[in-house]
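Here's the letter readout for the chains.
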Amino acid sequence: GKKSETETSGDKKNEGTKKTETVSNEKSETEINENSSFHVVYEIGGDKTITMELYTKGTKGKSVVDSEAGGMKMKAEAYFPGDGYVYTVTDIGKQKIGMKMKAVDTGDEDLTNKMFKAKEHLKDFEKDGTGEVIGYKCNVYKDKAGNKYYFYKDYVMLKFEGKNAVIEAKKLELNANADEKMFEVPKGITFKE
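Figured I'd write up the structure that's included with this text. Computed from a predicted structure; not experimentally measured. (Residues numbered from 1 in each chain as written. Predicted model: local features only at pLDDT ≥ 70, side-chain atom pairs only at ≥ 80, totals over all residues. Heavy atoms only, no water.)

**Overview of the sheet that holds strand β2 (residues 51-57)**
Basically, it comes down to this: The criterion for strand pairing is that DSSP finds at least two bridges linking the strands in question. Each helix corresponds to a stretch of at least 4 residues labelled H or I by DSSP, and each strand to a stretch of at least 2 residues labelled E; elements are numbered beginning at the N terminus.
Strands sit in the order β7-β8-β9-β10-β11-β1-β2-β3-β4-β5-β6-β12 across an open sheet of 12 strands; the sheet is mixed. Each end of this open sheet is capped by a strand with a single partner; those strands are β7 (126-133) and β12 (191-192). Relative to strand β6 (residues 95-102), strand β5 (residues 85-92) is paired through eight bridges, and the arrangement is antiparallel. Bridge pairing in β6 links Asp91 to Lys96.

Written out as structure tokens, the structure reads:
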């Protein structure tokens, strides 16, 4: 009886060690799929005055770009509520301008669409090795124009290297606890199509 008790407690010790290893390798163990929620903070072009935050929760998303030019601050928010449209609100000074457009890929410049719907675009890209961005191992893809995309788990774009711009993640929060209200299109703004 005593011998089997000792063996059992030894197994429990090993179990605890395995759990610790899983936690320590959290970056490589986290699963991401179409129902995942995450939050990414990007820096655009190495210029710290332009940042972009991307929030997703399932099929819904929101991006926020903060910039400053000539002493004037500008904030642009894009809402992807999952209804087939993108709603943008640009705040320049105290004026808010609303635009509504179909959520379709308009070409190489439509990065936000590629960020939200990465898997749909991978078939059009050529695999170009692997790389690491903020500690996350990424697959690197190249499009026909020579732009490079670094995707974590082939789902979250962490870096874009283009001819005219570089966008790189500075922070990634997986399983982000995003409030549903964050993705609601603001009321009281007239959206021009």
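**Let's talk about the pairing of strand β4 (residues 72-80)**
Sheet analysis places strand β3 (residues 60-69) next to β4, joined by nine bridges and oriented antiparallel. Within the sheet, the bridge partner assigned to Ala69 lies in β4 and is Met72. The turn joining β3 and β4, which pair antiparallel and follow one another in sequence, is formed by two residues; a positive phi near 60 degrees is taken by Gly70. Relative to β5, β4 is paired through six bridges, and the arrangement is antiparallel. Looking across to β5, one finds that Lys75 is bridged to Asp91.

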